[in-house]
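Take a look at the letters that make up each chain.
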Amino acid sequence: MTSEAGQSGAWAGPQPAFVLVAPQMGENIGAAARAMWNFGLERMRVVAPRDGWPNPKAVAMASGAGRLLDGAGLYDGTADALGDLNYVFATTARGREMTKPVMTPERAMQHARALIAEGQQVGVLFGPERAGLTNDDVARANAIISVPVNPAFPSLNLAQCVLLTAYEWRRQTEKAVPEVVEMARTRFASGVEIEKLGDRYEAALDAVGFFWPESKAEGMRRNLRNMFARLDLTTADVQTLHGIMRAITRRRDGGSDAP
């Protein structure tokens, strides 16, 4: 038995240990390492890997996350791998007829974060690819993580399950803005710019009799202004729309440019 190396990554800090129980393919171990490192996790433990350890296929698949494999703890049995942990989650898609809390990955990682903040040691168990964790392994856990997958096809690849859980851990520990707009060296247009754009389009459309019949003209003008306001136009957008109208009116007027 060897224990995993200490944390030294860019996001190093208290974090759960991910315990891969009896993984069958080196490629899946490597892919799990990549998934962990994508989200700043580096405490990997490997229990009785089928094809031995170290595994060259795992190294090849891990790519830039090979450091996790170098520092991974190797254990003969699940009990040994969990010996220093205070709270353990088991990932499983099947009901086990055991009285345990069953959590989504999001809720589980919320709870893990709270426990770790109190100084507790937390682990997450992942079973082998073919059949998942045994009942004996699940019995050692304090809670179950269950992913809300298609009940007709509930099986997740090892690396996929690791990725989902690691992603939720990252979401609980790193504040992420739900939506951001990349402005690409521009800015949102000012009210004055939007107003002048509306004036130009309204005048051009009025010149060709667009606002007809008269009884609907006021509402049509209002809809035009509302559309421009609703579009969140940038200064680049406004300039483009001015250019479009300039080209249209030049063609209509036989080559003269609109004012």
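Analysis parameters
- Residues numbered from 1 in each chain as written.
- Predicted model: local features only at pLDDT ≥ 70, side-chain atom pairs only at ≥ 80, totals over all residues.
- Heavy atoms only, no water.
- Helix = DSSP H or I, 4+ residues; strand = E, 2+ residues; numbered from the N terminus.
- Buried < 20%, exposed > 50% of the residue type's maximum accessible area, 1.4 Å probe, protein only.
- Polar contact = N/O pair within 3.5 Å; in protein donor to acceptor, adjacent residues only side chain to side chain.
- Expected span 1.5 Å × (residues − 1).
- Arc of directions from axis to C-beta.
- Contact = heavy atoms within 4.5 Å.
- Phe/Tyr/Trp six-rings, centres within 6.5 Å; stacked < 30°, edge-to-face > 60°.
- Lys NZ or Arg CZ within 6 Å of the ring centre and 35° of its normal.
- Axes fitted to C-alpha atoms, helices over the stretch in contact; angles between N-to-C directions.
- Parallel < 35°, antiparallel > 145°, perpendicular 65-115°, else oblique.
- Left-handed = near helix turned anticlockwise from the far one by under 90°.
- Nonpolar A, V, L, I, M, F, W, Y, C, P; charged D, E, K, R; others polar.

Our next topic: the side chain of Asn-55. Looking at the secondary structure, you find Asn-55 in the loop between β2 (44–47) and α2 (56–62). On the basis of relative accessible area, Asn-55 is assigned to the buried category, the value being 7%. A distance of 2.9 Å separates a polar side-chain atom of Asn-55 from the backbone nitrogen of Lys-57.

This part covers helix α5 (residues 105–117). In this model, α5 (13 residues) spans 18 Å end to end at C-alpha, consistent with the 18 Å of a helix rising 1.5 Å per residue. Along α5, the residues that are buried comprise Pro-105, Ala-108, Met-109, His-111, Ala-112, Leu-115 and Ile-116. Within α5, the buried residues cover an arc of 160 degrees as seen down the axis, which keeps them to one side. In this structure, the buried residues of α5 make contact with β4 (87–91), β5 (102–103), β6 (122–126), β7 (143–145) and α7 (158–173). Downstream of α5 by one or two residues, Gly-119 has phi in the positive range, about 90 degrees.

This paragraph deals with the packing of aromatic side chains. Inspection of the entire model under this criterion finds 5 aromatic pairs. Plain terms: the ring middles of Phe-39 and Tyr-167 are 5.8 Å apart, the flat faces sit at 70 degrees to each other, and that makes the pair edge-to-face. On the criterion of sequence distance, the pair formed by Phe-39 in the loop between α1 (26–38) and β2 and Tyr-167 in helix α7 is long-range, its members being 128 residues apart. Between Phe-210 and Phe-211, the aromatic rings sit 5.3 Å apart at their centres with planes inclined by 80 degrees, giving edge-to-face as the arrangement. The positively charged end of Arg-221 is found above the aromatic ring belonging to Phe-211, 4.4 Å away from the centroid.

Moving on: the packing of α5 against α7. Running from N to C, α5 and α7 cross one another at 55 degrees; their axes reach a closest spacing of 8 Å. When the interaxial angle is binned, α5 and α7 end up oblique. Here α5 runs over α7; the crossing is right-handed. Contact with α5, carried on its side by Pro-105, Glu-106, Met-109, Gln-110, Ala-112, Arg-113 and Ile-116, involves Thr-165, Glu-168, Trp-169, Arg-171, Gln-172 and Thr-173 of α7 and no other residues of that element.

A few words now on the packing of helix α8 (residues 191–207) against helix α9 (residues 214–230). Taken N-terminus to C-terminus, the directions of α8 and α9 make an angle of 145 degrees; their axes are 10 Å apart at the nearest point. Between α8 and α9 lies a crossing of right-handed hand. Only Arg-221, Leu-224, Arg-225 and Phe-228 of α9 make contact with α8, whose side of the interface consists of Ile-194, Glu-195, Leu-197, Gly-198, Asp-199, Tyr-201, Glu-202, Leu-205 and Asp-206. Class assignment of the residues belonging to the contact of α8 with α9 gives a composition of 6 nonpolar, 1 polar and 6 charged.

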